[in-house]
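Residues per chain, in single letters:
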Amino acid sequence: MKEKPIVKTLESVASDLLIEFPALTEKLRPLSDNPVITPQVLLIEVLKFLHLAASSEQSLSPSLLTDLAWHEFILCTRLYTRFCQDTFGRYMHHTPGGEKKENHRKYLQTIRHYIVTFGEPNKEVWGELAYNEWQEAQCGACNTD
């Protein structure tokens, strides 16, 4: 599958943010012991989620790892605030909580938006459920008359 142009832009933005604020790398590093899930990968997924949340009229919910990385980004208050203002024209608030069933519905909604916007979700970051949604979206048996 051809990479979507926005992914390249988000990769570049993530690199710039980590260079500008190296402490964020150190905050993101311990979130996963999987060597594939680097601070760069985590920040890219946070940026993807924020892009989805900013462009959706629906309330969305990130994966656990994306949420934990988002927490670390938010704690870099000046960097996060400036990023949100420059990118979205507003601060992207984080509202934790909610009922488990509703959060699950929002998560599935997020994954569906993710697939349409970015393609295949990173299984290590977004989990098996996201990967299953991706697989179902690739169904070659579906057609119209």
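Figured I'd write up the structure that's included with this text. What you see is a predicted model, and the numbers here were worked out from it, not measured in a lab. (Residues numbered from 1 in each chain as written. Predicted model: local features only at pLDDT ≥ 70, side-chain atom pairs only at ≥ 80, totals over all residues. Heavy atoms only, no water.)

**Quick word on the packing of helix α6 (residues 100-118) against helix α7 (residues 123-137)**
Between two packed helices, both the angle of their axes relative to each other and the distance between the axes serve to describe the pair. As a packed pair, α6 and α7 sit with axes 10 Å apart at the nearest point and diverge in direction by 50 degrees. Between α6 and α7, the interaxial angle falls into the category oblique. Once α6 is placed against α7, the crossing between them reads as right-handed. Contacts between α6 and α7 involve H104, Y107, L108, T110, I111, R112, Y114 and I115 from the first element and W126, G127, L129, A130, E133, W134 and A137 from the second. Counted by class, the contact of α6 with α7 contains ten nonpolar, three polar and two charged residues. (Axes fitted to C-alpha atoms, helices over the stretch in contact; angles between N-to-C directions. Helix = DSSP H or I, 4+ residues; strand = E, 2+ residues; numbered from the N terminus. Parallel < 35°, antiparallel > 145°, perpendicular 65-115°, else oblique. Left-handed = near helix turned anticlockwise from the far one by under 90°. Contact = heavy atoms within 4.5 Å. Nonpolar A, V, L, I, M, F, W, Y, C, P; charged D, E, K, R; others polar.)

**Here's the deal with helix α5 (residues 77-88)**
For α5, which comprises twelve residues, the first-to-last C-alpha distance of 16 Å matches the rise-based estimate of 16 Å (1.5 Å per residue) to within 8%. Within the span of α5, buried status applies to L79, Y80, F83, C84 and F88. Looking down the long axis of α5, one finds its buried residues gathered within 125 degrees of arc, a one-sided arrangement. Relative to its buried face, α5 has exposed residues pointing more than 90 degrees away, namely R78 and D86. G89, located one to two residues past α5, shows a positive phi value of around 75 degrees. (Expected span 1.5 Å × (residues − 1). Buried < 20%, exposed > 50% of the residue type's maximum accessible area, 1.4 Å probe, protein only. Arc of directions from axis to C-beta.)

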